[in-house]
Amino acid sequence: MASVYRTEDCQFTVDREALIQRLGEALQKDSLLVEDEAMRPYECDGLSGYRQMPQVVCIPDTIEQVRHVLRVCSDMGVPVVARGAGTSLSAGALPHPQGVLLSLAKFNQILAIDADRRMARLQPGVRNLAISEAAAPYGLYYAPDPSSQIACSIGGNVAENAGGVHCLKYGLTVHNILEVTMVTMDGELVTLGSEALDSAGYDLMAAVTGSEGMLGVLVEIKVKLLPQPPMKDVLLASFNDVETAGNAVAGIIAAGILPGGLEMMDGPAIQAAEDFVHAGYPTDVAAILICELDGNADDVQAQRERVCALLEEASAAEIRVAKDDDERARFWAGRKAAFPAVGRISPDYYCIDGTIPRKHLAHVLNRMQELSEEYGQRVVNVFHAGDGNLHPLVLYDGNVPGEFERTEELGGRILELCVEVGGTVTGEHGVGMEKINQMCVQFNTPALNQFRALKHSFDPQGLLNPGKAIPTLNRCAEFGAMHVHHGELPHPDIPRY
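A. Geometry of the overall build of the protein. When its secondary structure is counted, the protein shows 17 helices and 20 strands. With respect to the three principal axes, the spread of C-alpha positions in the protein is 70 × 55 × 45 Å. Expressed as a percentage of its 497 residues, the buried residues of the protein come to 56%. Long-range contacts, defined here as pairs at least 24 residues apart, represent 73% of the contacts in the protein between residues at least 6 apart. Working note: accessible area of the protein is about 20100 Å², and carbon and sulfur atoms make up 49% of it. Across the protein, the 39 positively charged side chains and the 66 negatively charged ones have centroids separated by 3 Å.

B. Spotlight on helix α1 (residues 16-23). Burial in α1 covers these residues: Leu19, Ile20 and Leu23. The arc that holds the buried residues of α1, viewed along the axis, is 95 degrees, so those residues lie on one side. Facing away from the buried side of α1, by more than 90 degrees, are the exposed residues Glu17 and Gln21.

C. Up close: the packing of helix α8 (residues 242-254) against helix α10 (residues 297-313). Their axes nearest at 9 Å, the elements α8 and α10 cross at an angle of 145 degrees. Here the hand of the crossing between α8 and α10 comes out right-handed. Between α8 and α10, the residues in contact are Ala248, Gly251 and Ile252 and Val307, Leu310 and Leu311, respectively. Per-class residue counts for the contact of α8 with α10 are five nonpolar, one polar and no charged.

D. Spatial organisation of the environment of threonine 184. Here threonine 184 is to be found in the loop between β8 (177-183) and β9 (189-193). As for threonine 184 and leucine 27, which are separated by 157 residues in sequence, their C-alpha atoms are 19 Å apart. Not counting chain neighbours up to four residues away, the residues in contact with threonine 184 comprise Leu70 and Val190.

E. Representation of the state of the cysteines within the structure. Throughout the structure, instances matching the rule amount to one disulfide. Here cysteine 440 engages in a disulfide with cysteine 476; their sulfurs sit 2.1 Å apart. On the sign convention where negative means left-handed, the S-S torsion of about -80 degrees between cysteine 440 and cysteine 476 marks this disulfide as left-handed. Pair noted here: cysteine 440 is in helix α15 (residues 436-442) and cysteine 476 is in helix α17 (residues 473-482), with a separation of 36 residues, a long-range link. Classification of cysteine 476 by relative accessible area gives buried; the value is 0%. Cysteine 58 carries a free sulfur, and the closest cysteine sulfur to it, the one in cysteine 73, is 6.6 Å from it. On the basis of relative accessible area, cysteine 58 is assigned to the buried category, the value being 0%.

F. Seen up close, the packing of aromatic side chains. Taken as a whole and assessed by the stated rule, the structure comprises six aromatic pairs. Arranged with centres 6.4 Å apart and planes meeting at 85 degrees, the rings of tyrosine 141 and tyrosine 170 form a pair that is edge-to-face. Taken together, the residues span a long stretch of sequence, with tyrosine 141 in strand β7 (residues 140-141) and tyrosine 170 in helix α6 (residues 167-170) at a distance of 29 residues. Accessibility expressed as a relative area gives 11% for tyrosine 141, which makes it buried. Centre to centre, the rings of tyrosine 396 and phenylalanine 404 are 5.7 Å apart; their planes meet at 50 degrees, and the pair counts as tilted.

G. Expanded view of unusual backbone geometry. Of note, the phi angle at arginine 118 is positive, near 55 degrees, even though the residue is not glycine. In this structure, arginine 118 sits in the loop between β5 (110-114) and β6 (119-122). Its relative accessible area of 42% is what places arginine 118 among the partly exposed residues. Of note, the phi angle at alanine 469 is positive, near 65 degrees, even though the residue is not glycine. Position of alanine 469 among the secondary structure elements: in the loop between α16 (445-458) and α17. Residue alanine 469 is classed as buried on the basis of its relative accessible area, which comes to 7%.

H. Expanded view of the sheet that holds strand β18 (residues 379-383). With antiparallel pairing, the seven strands of this open sheet are ordered in space as β15-β12-β14-β13-β18-β20-β16. In this open sheet, the two edge strands, each paired with only one partner strand, are β15 (318-321) and β16 (348-351). Recorded for the sheet is a direction-independent mean angle of 20 degrees between the axes of neighbouring strands. Taken together, the six bridges between strand β13 (residues 261-266) and strand β14 (residues 287-295) define a ladder with antiparallel strand orientation. Looking across to β14, one finds that glutamate 263 is bridged to isoleucine 290. Packed on one face of the sheet, helix α9 (residues 267-277) meets β13, β14 and β18 and runs near 95 degrees to β13. Its contacts with the sheet put helix α13 (residues 361-375) on β13, β18 and β20 (392-396), and the angle it makes with β18 is roughly 155 degrees.

I. Structural detail: the nonpolar core. Ranked by internal contacts, the top residues of the largest apolar core, which has 63 residues, are Phe239, Met264, Val307, Leu311 and Leu390. With near-sequence residues (within four places) excluded, valine 307 lies in contact with Leu235, Ile252, Ile257, Cys291 and Leu293.

The rules behind each value
All residue numbers refer to position in the chain's written sequence, counted from 1. The model is predicted, so local features are restricted to residues of pLDDT at least 70 and side-chain atom pairs to those at 80 or more, both for listing and for counting; the totals for chains, interfaces and linings are taken over all residues. Side-chain numbers here rest on the full set of heavy atoms in the structure, without hydrogens or water. Counting from the N terminus, the helices are the DSSP runs of H or I reaching at least four residues and the strands are the DSSP runs of E reaching at least two. Exposure classes here rest on a 1.4 Å probe applied to the protein chains alone. A residue is buried below 20% of its type maximum, exposed above 50%, and partly exposed in between. Contacts: residue pairs with any heavy atoms within 4.5 Å of one another. Note on areas: Shrake-Rupley with a 1.4 Å probe; residue coverage comes only from the protein chains shown. When charges are counted, Lys and Arg are positive and Asp and Glu negative, with His and the chain ends excluded. Charge positions are represented by NZ for Lys, CZ for Arg, CG for Asp and CD for Glu. Relevant arc is that of directions from the helix axis to the C-beta atoms, nothing else. Angles shown run from 0 to 180 degrees and are taken between the N-to-C directions of axes, each axis being a line fitted to C-alpha atoms and, for helices, limited to the stretch in contact. Left-handed describes a crossing whose near helix is turned anticlockwise from the far helix through less than a right angle; right-handed describes the clockwise counterpart. Under the scheme applied, nonpolar residues are Ala, Val, Leu, Ile, Met, Phe, Trp, Tyr, Cys and Pro; charged residues are Asp, Glu, Lys and Arg; polar residues are all the others, including Gly. We call a pair of cysteine sulfur atoms a disulfide whenever their separation is within 2.5 Å. Between rings of Phe, Tyr and Trp, where Trp is taken as its six-membered ring, a pair exists when centres lie within 6.5 Å; planes separated by under 30 degrees are stacked, by over 60 edge-to-face, and by other angles tilted. The rule for pairing is simple: two strands pair if DSSP sees at least two bridges between them. Residue types Ala, Val, Leu, Ile, Met, Phe, Trp, Tyr and Cys, when buried and joined through side-chain atoms within 4.5 Å, form a set referred to as a nonpolar core.

As structure tokens, this is what we get:
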């Protein structure tokens, strides 16, 4: 078990009995969990290697109850961690040991579908997939589609700026939302963004998107809906080595083609997915690419011919074009189920999330293989190849003492490799607790100070999701003393917020 909160991150004094009493003034007994047994399901999110019990769990029914919780915590100086579906893979929803875990699970209603204006008004607990299901009768859908879309919530998608297999063409969450309503730490209800094409003032909605619950608690979201494209084609290309597949990705994008989705899986991921969902994947190859083309029929046909030619030039071993809707669905089902499929072949796996320039894809994949051999741990690759968002899965056994810590170290090395080639430490999973050390590699002192200043403007007491995403300067100094990094590390003498 990794150490989660350090002493410097936990400097809060909480009168638990007084806190429970004041929270109970607005919350019913079944919405206020105080016993360890009742709170245990909330001790971690999707990154289960990090676990921490909160002081209390609040599950409000109304916006006014959310405001009450935040006002009480603001008045008493108690930290608050907001939680949606708990599918975060960066320990973003890990409870604070001196704080309140605020669950938005009951905020799960689709409030309106406006087909004429192509938008939906949602509570934050609505599942990602449920949005497209509700919009389908109108010929519409919601574009961002994380692999966890069957379970993850739209509030969490906004908090982490989630993407998905179609983000290459249609963008991340930030490109597909219109307006958010949130409660600040002092209980103020504010609306950011607009249903119009633009809104007055600074683009604060973009700042809140991807802020990991550190600026406010989302209570309502308006998203864009898109019309279903008239035609879709899905191609599956197999390759005898991973580097060739990576070069093929670069070739497609360089040719000016923008697929709806362009995904890559390596040999172990292919085998795991095929054993799990029987998608019809070839299992004797080193890598496959799944490429979806969408639009009107003439454009799709022209793009299909061009992509097939490019794949042949890139030495694809085989190219298949899905012959019907069922086969298209199977091709995507294997990719969507890749994470749980890998879970069947290892006691545990650690999912990393880093993004690189596409031109370095082959180099980074080769370097990851070298790191895998150096650490003696298997790494399975499944990722959004089109936009360079990597999701390596490091296989390990959490029952073996020290293996999780070694896995974390390998994950950190991979993220630092992403930074080294000009990428970032996260694409859509957020920083949370998982990547906080690597933030010291990505950003220098002035940048980190600006991040703190932004948080301070929304949350002067530093009570919302403290100890995550933005490293303290002391942490960076300590991390820098132990590791060799690229670029300037923050100086420890600058005051922390």
